[in-house]
Amino acid sequence: TTAGADAMCTPAGGRKRQFELFTSCEPCAMCLGATLWSGVSRLVCGATKDDAQAIGFDEGPVYEESYRHLEKCGVGVTRNVLTEEAAGVLRRYGNSGLIYNR
């Protein structure tokens, strides 16, 4: 297909558009892959995979190498931003929200 993420994120004139994705928690395996394909240029995460798993989410096979791969592909990655605050929000959600894979 000619409508891949690289084509969609490179407007006429060849300049790449810059998109930043700020998340309350490190992404699960599926979302991490989608981040790469989406054309996001920077990923910023709050709570950790361990925080998500502590309330019952199964985040799948996400490894340090997964983040290194994003960086190698040109996606800036910043993790552990306001981690305690983000983990607190996640814990509150765990007390009353739907955990999709439980």
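See above for the structure.
So, how was this worked out
Residues numbered from 1 in each chain as written. Predicted model: local features only at pLDDT ≥ 70, side-chain atom pairs only at ≥ 80, totals over all residues. Heavy atoms only, no water. Phe/Tyr/Trp six-rings, centres within 6.5 Å; stacked < 30°, edge-to-face > 60°. Helix = DSSP H or I, 4+ residues; strand = E, 2+ residues; numbered from the N terminus. Buried < 20%, exposed > 50% of the residue type's maximum accessible area, 1.4 Å probe, protein only. Disulfide = S-S within 2.5 Å. Pairing = 2+ DSSP bridges. Axes fitted to C-alpha atoms, helices over the stretch in contact; angles between N-to-C directions. Contact = heavy atoms within 4.5 Å. Arc of directions from axis to C-beta. Salt bridge = Lys/Arg side-chain N within 4 Å of Asp/Glu carboxyl O.

Before going further, it helps to examine the packing of aromatic side chains. Applying the stated rule across the entire model yields one aromatic pair. Measuring from centroid to centroid gives 6.4 Å for Phe57 and Tyr93, while their planes differ by 10°, and the two rings are stacked. Residue Phe57 is found in the loop between α3 (49-54) and α4 (64-72), and its partner Tyr93 is found in helix α5 (residues 83-96); the two are separated by 36 residues along the sequence. Take Phe57: its relative accessible area is 12%, and that puts it in the buried class.

Now for the state of the cysteines. Here the structure, examined in full by the defined rule, presents zero disulfides. Looking at Cys45, it has no disulfide partner, and the nearest cysteine sulfur is the one in Cys25, 7.7 Å off.

This part covers the sheet that holds strand β3 (residues 76-78). An order of β1-β2-β3 is seen for the three strands of this open sheet, with the pairing classed as parallel. In this open sheet, the two strands that pair with only one neighbour each are β1 (20-25) and β3. With strand direction ignored, the average angle separating the axes of adjacent strands in the sheet is 15°. Where β1 and strand β2 (residues 42-47) come together, five bridges link them in parallel fashion. Residue pairing for β2: Phe22 is matched across the bridge by Val44. Across the sheet, α5 lies against β1 and β2, angled at about 65° from β2, the strand it touches most.

For the rest of this paragraph, the subject is α4. For α4, the complete set of buried residues consists of Ser66, Tyr67 and Leu70. Taken around the axis of α4, the buried residues stretch over an arc of 95°, which confines them to a single face. Lining the buried residues of α4 we find α2 (29-38), β2 and β3. Looking one or two places after α4, you find Gly74, whose phi comes out positive at around 95°.

With that settled, the discussion passes to the pattern of salt bridges. Taken as a whole, this structure holds four salt bridges when the rule is applied. In this structure, Glu26 engages Arg79 in a salt bridge whose closest nitrogen and oxygen atoms are separated by 2.8 Å. With Glu26 in the loop between β1 and α2 and Arg79 in the loop between β3 and α5, this pair connects stretches of sequence that are 53 residues apart. The shortest N-O distance in the salt bridge between Arg68 and Glu65 comes to 3.1 Å. Taken as a pair, Arg68 and Glu65 lie in helix α4 at a separation of three residues, close to a single helical turn. Residue classification places Arg68 among the partly exposed positions, given a relative accessible area of 46%.

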